[in-house]
Amino acid sequence: MVKPPAPRRTAEFATLRETPVSKTRNATKAATALSLIMSLTPTAGAWSQPAGTPAAIPSFPTGPDYAGVSGSPAQNDRLAALCGANRNVKDGYVPKPLLVDQTRAAQVKSKQAFSVEVLASLDRSVAMAFLPDGSLLVSQRAGGLRRVSATGQVSAPLKGTPEISGVMGTSNTGPVLDRDFAKTRILYYGYTLAPRAKGEPYAGRILKARLSADGAALEDAETIFEQPNLAPRRIVQARDGTLLIASAEVASGGPNPQSMTDPRGKILRIATDGAIPKDNPFLKTPGANPALYAIGFRDIQGAALNPKTGELWVGENEPMGGDELNRIKLGGNYGFPLISYGRENSGAMINGGKTAQDGLEQPVYFWTPSIAPSGLTFYDGKAFPAWKNSVFLGAMSGRQLVRLDLKNGRVVGEEKLLMDRCKRTKDVGQGPDGLIYVITDESPSEILRLVPARK
Ligand SMILES: [Ca+2]
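The rules we used
Residues numbered from 1 in each chain as written. Predicted model: local features only at pLDDT ≥ 70, side-chain atom pairs only at ≥ 80, totals over all residues. Helix = DSSP H or I, 4+ residues; strand = E, 2+ residues; numbered from the N terminus. Buried ≥ 20, exposed ≤ 12 C-beta atoms within 10 Å, placed from the backbone. Contact = placed C-beta atoms within 7 Å. Pairing = 2+ DSSP bridges. Axes fitted to C-alpha atoms, helices over the stretch in contact; angles between N-to-C directions.

A.B. asks: It is not clear to me how the environment of Arg 264 should be interpreted in this structure. Could you clarify?
C.D. replies: On the secondary structure map, Arg 264 appears in the loop between strand S10 (243–247) and strand S11 (266–270). Classification of Arg 264 as buried rests on a count of 26 C-beta atoms within 10 Å. Not counting chain neighbours up to four residues away, the residues in contact with Arg 264 comprise Asn 229, Ala 231, Ser 247, Ala 248, Glu 249, Val 250, Asn 256 and Pro 257.

A.B. asks: Whenever I open this one, the sheet that holds strand S22 (residues 436–440) confuses me. Can you help?
C.D. replies: Strand pairing in a sheet relies on backbone hydrogen bonds, with the paired strands running either antiparallel or parallel. Strands sit in the order S1-S23-S22-S21 across an open sheet of four strands; the sheet is antiparallel. Edge positions in the sheet fall to strand S1 (114–122) and strand S21 (425–430), since each has one partner strand and no second. The mean angle between the axes of side-by-side strands here comes to 20 degrees, regardless of whether they run parallel or antiparallel. In this structure, S1 lies alongside strand S23 (residues 445–452), joined through eight bridges in antiparallel fashion. Looking at S23, one finds that Val 116 is bridged to Leu 450.

A.B. asks: For this particular structure, what's the right way to read the sheet that holds strand S4 (residues 145–148)?
C.D. replies: Pairing within the open sheet is antiparallel, and its three strands lie in the order S2-S3-S4. Among the strands making up the open sheet, the edge pair consists of strand S2 (125–130) and S4. Taken over all neighbouring pairs, the strand axes of this sheet differ in orientation by 25 degrees on average, direction set aside. In this sheet, strand S3 (residues 136–140) lies alongside S2 in antiparallel orientation, the contact comprising five bridges. Bridge pairing in S3 links Ala 127 to Ser 139.

A.B. asks: What am I meant to see in the pairing of strand S6 (residues 186–193) here?
C.D. replies: Along a regular strand, successive side chains alternate from one face of the sheet to the other. Here S6 lies mainly inside the structure; seven of its eight residues are buried. Pairing analysis gives two bridges linking strand S5 (residues 176–177) to S6, with the strands arranged antiparallel. Paired with Val 176 across the bridge in S6 is Tyr 188.

A.B. asks: Please clarify how the pairing of strand S13 (residues 299–305) should be interpreted in this entry.
C.D. replies: Of all seven residues in S13, six are buried; the element is thus mostly enclosed. Relative to strand S14 (residues 312–317), S13 runs antiparallel, the two sharing six bridges. Residue pairing across strands places Ile 300 opposite Glu 316, the latter belonging to S14. Counting the residues in the hairpin turn of S13 and S14 gives six residues, including Gly 310, whose phi is positive at 80 degrees.

A.B. asks: Sorry if this is basic, but what is going on with the environment of Gly 353 here?
C.D. replies: Relative to the helices and strands, Gly 353 is located in the loop between strand S15 (323–327) and strand S16 (365–367). By C-beta crowding, Gly 353 is classed as partly exposed, having 16 other C-beta atoms within 10 Å. Along the chain, Gly 353 and Leu 338 lie 15 residues apart, while their C-alpha atoms are 9.1 Å from each other.

A.B. asks: Is there a simple way to explain the environment of Val 364 in this structure?
C.D. replies: Within the secondary structure, Val 364 is located in the loop between S15 and S16. Overall, the presence of 20 C-beta atoms within 10 Å leaves Val 364 in the buried class. In sequence terms Val 364 and Arg 327 are 37 residues apart; their C-alpha atoms lie 6.7 Å from each other. Not counting chain neighbours up to four residues away, the residues in contact with Val 364 comprise Leu 325, Asn 326, Arg 327, Arg 410 and Val 411.

Right, dumping it as structure tokens:
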């Protein structure tokens, strides 16, 4: 068995490459958080791989039940002819859910007629924010930000954005506008930095900056938070103003998501100046990283607040199958890699195929085989009445936009949209106009706008 690496010591902070934006007036706060972490016991909560001989990689008969990706075998045959085969659909592994409504909800076809406009095409992009003037601010996978006007004009890259380096393909979050953006023009942006030398870890940073009056540059940029092995995928501002940061695990089967020190496979919570909130859930846990908010994730690539409750919901990629929709509780442990409805990328079972354990949170919903969920949003607009209160998720390998019907916080129906376009989808959001915007995960990316069909 692979022995998990010893938890990283935070002295690695000192070796990080500096970029211009890191010369911050807030360096003191980051240093305070750093020294706090450095004083902690690094082994607390570390997860150990179960002892024993590695099991053989099991095989599962392929198909014909691949409803988890495409909706039905007939649908899949049609899509295979149109888009090419989907590598996930023939996986025959179908784990038994703990709760009956946790997977493969009834496939629905809503009566909502709509058309799709291609608003713009631009270099491969990650995520978007909606600016008050009706334009979009979009982050690019290779780094940088561009504005896209309401009529689809794409700006030059914004000045003042940091250099970034990828971790598992995605190296940055979308820009996230502060709730007072209309007054302050403040936004947040997370990204990873390459290791400075071989053998050293990458680091993740959260940047706070002001969008210039003409929208062409980031100004007054400051690093408010930084940790080694932080891989920020999404940032959401909670109702109380704090920032919730989803950070990915890179290894297929863990082990870092159960570590109480390492930021991999976690949701972290910080104040908008980078300080640690006094009510973070693990402050009294000996040795714990004080920024931790919830633990036990693989790779969250979508996150949004439920507009009715203010709770954070996330979409999570497991290695092979078992992708999850989760509703986040303060201090919750979401189980990876102790429990999972998926398997490692090699096909090996994760922790013997265990899918449930007392004290570990179950997903609201999961997909086996994988759809690779990305951006997530709740819809509460007026443009699509039939979709009110739905959850939308982009899907990368699933090449679709998923819409889920919720009832009392449970999934009661699943609709697969945009499949005929054969595109990976990376982000989905609701514009201030109530329309739905989608970024495809392609080179180039398209920005799609869903518009109700005229009667
Ligand atoms: Ca989980």
